[in-house]
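# Coordinate analysis (summary)
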Amino acid sequence: MKVIKIIVLAIFSVALLSCGGKEEKKKEGFRYDKKSEVSKTVENNLNDIVITGNDAMQFNKKEIKVKAGKKVKITLKHIGKMDKNVMGHNFVLLKQGVNLVAFGNKAASARKSEYVPEGSKDVIAYTKLIGGGETAVIEFDAPEVGTYEFLCSFPGHYGMMKGMFIVE
């Protein structure tokens, strides 16, 4: 009986020792992105925003806050893998009072202009349409203090890919 206890104790000890010293690694591709972010204002008075879109039709931010009277730099990154003809994304900032659903429906038929209706007076700024792995950058002056809506105008995306752009 003593021999069995010693063998069990030895096996248990080896098992415990073999578990130690292992370094836990983060799962590859894991990232934490805030759903709401106050923009970074850098030395040159620029509101610097990075927003991502993915293959599940989601922006990583639902709210963006910027400072009035400053330039705004929006960097849109498509972190998915799908082509822009299948799962394209853009960032479109609408003027106050524009109906997002009506704009999204109108934009759906503007394929030639990357789903931003040509000559539209409803838009403050927008990026080009991008696909998986691509990035687009735009710069513009922050509009007056207030709350504006942004969306992805690729057909059908505005239902999920939208948010509030708050100028303080």
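Since the structure is predicted, the reported quantities are computational estimates derived from the model, not experimental observations.

The description of an aromatic ring pair rests on the distance of the ring centres and on the angle between the ring planes. As enumerated under the stated definition, the model contains four aromatic pairs in all. Taken together, F59, F91 and F150 form an aromatic cluster joined through their ring pairs.

All right, on to the pairing of strand β10 (residues 162-167) then. Bridge count for strand β4 (residues 63-66) against β10 is four bridges, and the pairing is parallel. Among the inter-strand pairings, E63 is bridged to a residue of β10, identified as M164. As defined by bridge partners, strand β9 (residues 146-151) adjoins β10 across six bridges and the pair is classed as antiparallel. Within the sheet, the bridge partner assigned to T147 lies in β10 and is I166.

What follows concerns the pattern of salt bridges. Counted under the stated rule, the structure contains four salt bridges. Note that D141 is salt-bridged to K71, the shortest N-O span being 3.0 Å. Of this pair, D141 sits in strand β8 (residues 135-141) while K71 sits in strand β5 (residues 71-78); the two residues are 70 residues apart in sequence, bridging distant segments of the chain. What makes K71 partly exposed here is its relative accessible area of 38%. For K84, the salt bridge is made with E114, and the minimal N-O distance between the two is 3.3 Å. Here E114 lies in the loop between α3 (100-107) and β7 (123-126) and K84 lies in helix α2 (residues 84-87), a separation of 30 residues in the sequence.

Bringing the confidence of the model for the protein chain into the picture now. Here the protein chain averages 84 in pLDDT, while 73% of its residues score no lower than 70. Note on residues 14-39: pLDDT under 50 across the span, and 22 contacts to partners over four residues away in sequence or across chains.

The next subject is α3. Within α3, the full set of buried residues consists of L100, F103, G104 and A107. Considered in projection along α3, the buried side chains sweep an arc of 100 degrees and stay on one side of the axis. The secondary structure elements touched by the buried residues of α3 are β6 (92-94), β7, β9 and β10. Backbone nitrogen of V101 and a side-chain oxygen of the N-cap are separated by 3.0 Å at the start of α3; the cap is N99.

Where burial is concerned, the two faces of β8 differ: the one with A136, I138 and F140 is buried and the one with T135, V137, E139 and D141 is not. Where β5 lies against β8, seven bridges are found, and the strand directions are antiparallel. Within the sheet, the bridge partner assigned to I74 lies in β8 and is I138.

For the rest of this paragraph, the subject is the nonpolar core. I74, F91 and F165 are the most contacted members of the largest nonpolar core, which has 25 residues in total. Those elements giving two or more residues to this core turn out to be β3 (46-53), β4, β5, β8, β9 and β10. Once you skip the residues sitting within four places of it in the chain, F91 turns out to touch I51, I64, I74, L76, A125, Y126, T127, I138, F150, L151 and F165. Of all hydrophobic cores here, the second largest spans ten residues; its members include L94, L100, A107 and V123.

Turning our eyes to something else, we now look at unusual backbone geometry. Notably, E114 is not glycine yet its phi reads approximately 55 degrees, a positive angle. On the accessibility criterion, E114 (26% relative accessible area) is partly exposed. Here the phi dihedral of Y115 falls at roughly 65 degrees; this positive angle occurs in a residue that is not glycine. With respect to the helices and strands, Y115 occurs in the loop between α3 and β7.

Definitions and cut-offs
Residues numbered from 1 in each chain as written. Predicted model: local features only at pLDDT ≥ 70, side-chain atom pairs only at ≥ 80, totals over all residues. Heavy atoms only, no water. Phe/Tyr/Trp six-rings, centres within 6.5 Å; stacked < 30°, edge-to-face > 60°. Pairing = 2+ DSSP bridges. Helix = DSSP H or I, 4+ residues; strand = E, 2+ residues; numbered from the N terminus. Salt bridge = Lys/Arg side-chain N within 4 Å of Asp/Glu carboxyl O. Buried < 20%, exposed > 50% of the residue type's maximum accessible area, 1.4 Å probe, protein only. pLDDT = per-residue confidence, 0-100. Contact = heavy atoms within 4.5 Å. Arc of directions from axis to C-beta. Polar contact = N/O pair within 3.5 Å; in protein donor to acceptor, adjacent residues only side chain to side chain. Core = buried A, V, L, I, M, F, W, Y, C linked by side-chain atoms within 4.5 Å.

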